[in-house]
Each structure stands twice: as C-alpha cells, then as structure tokens.
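# Architecture and fold: a report
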Amino acid sequence: MSHLTFTTHTLEKLELLLKAAGYRVRYEKGNFKTGACMLLSSKIVVINKFSNLESKIQSIVELLSELEIEHKLLDEKQIAFLHQIKQTKLQL
C-alpha cells in the first residue's frame, strides 16, 4: 500500500492537482473543525491556515478522495498521483 509523506512538497502537489482540476485553493482563518472544506460546490477549497501541515494534507486527501475529477484536465503524473491518493487510506 502506498504511503503519503507529510511534507510541504506533498502539500504543493495536492494544491497543484486541485488547481489543475479547476479548483481555487484558499487559506483562511476560520472556526471550521476540518482542515479544509468546499464552498457550496463552487470549486473553491478553503483550508484552515492555522492547521498543521499533516492536518492540511489529510484534509485535502479526504476531499480529493470524494471529488469526481476529470482526468482530461490532469497530466499523467497528476493522474497517477490522484490514483495513489484514492488508493491510500491515511493511518490516523
């Protein structure tokens, strides 16, 4: 089973994947419990900027595993990364 590392590089790859799929990624302070949320299917992902790196990555991975992303919007590496994400169940 593949494993995601909790690094800034992983976070950047996740952000690029979302952006390639047509989502805007914003970091905001807020009182939402999760590290990330989606604004009424408006393709804006809001990430709690005060969450730690691990929480941000886990939140985006959870969102990505639920979203239907068109593969034609992504390049081959991003498709492989998305496939890896959907296969990965993070160990909490």
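Because the structure is predicted, anything quoted here is derived from the model rather than measured. (Residues numbered from 1 in each chain as written. Predicted model: local features only at pLDDT ≥ 70, side-chain atom pairs only at ≥ 80, totals over all residues. Heavy atoms only, no water.)

According to the stated counting rule, one finds zero aromatic pairs in the structure shown. Here the basic side chain of Lys13 rests over the ring of Phe81, its NZ or CZ set 4.3 Å away from the ring centre. Over the face of the ring belonging to Tyr23 we find Lys43, whose NZ or CZ atom lies 5.0 Å from the ring centre. (Phe/Tyr/Trp six-rings, centres within 6.5 Å; stacked < 30°, edge-to-face > 60°. Lys NZ or Arg CZ within 6 Å of the ring centre and 35° of its normal.)

Formed by 21 residues in total, the largest nonpolar core has its most connected members in Leu14, Leu17, Leu18, Ile60, Leu64, Ile69 and Ile85. Elements supplying a minimum of two residues to this core: helix 1 (8-20), strand 3 (44-48), helix 2 (53-66) and helix 3 (76-87). For this core, the element with the highest residue contribution is helix 2, accounting for five residues. In this structure Leu17 touches Leu64, Leu74, Gln78, Phe81, Leu82 and Ile85, once residues within four positions along its chain are discounted. (Core = buried A, V, L, I, M, F, W, Y, C linked by side-chain atoms within 4.5 Å. Buried < 20%, exposed > 50% of the residue type's maximum accessible area, 1.4 Å probe, protein only. Helix = DSSP H or I, 4+ residues; strand = E, 2+ residues; numbered from the N terminus. Contact = heavy atoms within 4.5 Å.)

Glancing now at helix 1. In this model helix 1 runs 18 Å from its N-terminal to its C-terminal C-alpha over 13 residues, within 8% of the 18 Å that 1.5 Å per residue would give. Residues of helix 1 that are buried: Thr10, Leu11, Leu14, Glu15, Leu17 and Leu18. Taken down its axis, helix 1 places every buried residue within 160° of arc, on the same side. Residues of helix 1 that are exposed and angled more than 90 degrees away from the buried face: His9 and Leu16. Against strand 1 (24-28), strand 3, helix 2 and helix 3 lie the buried residues of helix 1. Directly beyond the C-terminal end of helix 1, a positive phi value near 95° is found at Gly22. (Expected span 1.5 Å × (residues − 1). Arc of directions from axis to C-beta.)

By the secondary structure assignment, Gln78 is in helix 3. Given a relative accessible area of 17%, Gln78 falls into the buried group. Other than its neighbours up to four places away in sequence, Gln78 contacts Leu16, Leu17 and Ala20.

With that settled, consider the pattern of salt bridges. Any two side chains of opposite charge can pair, on the condition that their charged atoms come close. Applying the stated criterion to the full structure yields two salt bridges. In this structure, the salt-bridge partner of Arg26 is Glu28, at a minimum N-O distance of 3.0 Å. The exposure class of Arg26 is partly exposed, given its relative accessible area of 29%. Between Glu70 and Lys72 there is a salt bridge whose closest N-O contact spans 3.3 Å. Using a relative accessible area of 71% as the deciding quantity, one classes Lys72 as exposed. (Salt bridge = Lys/Arg side-chain N within 4 Å of Asp/Glu carboxyl O.)

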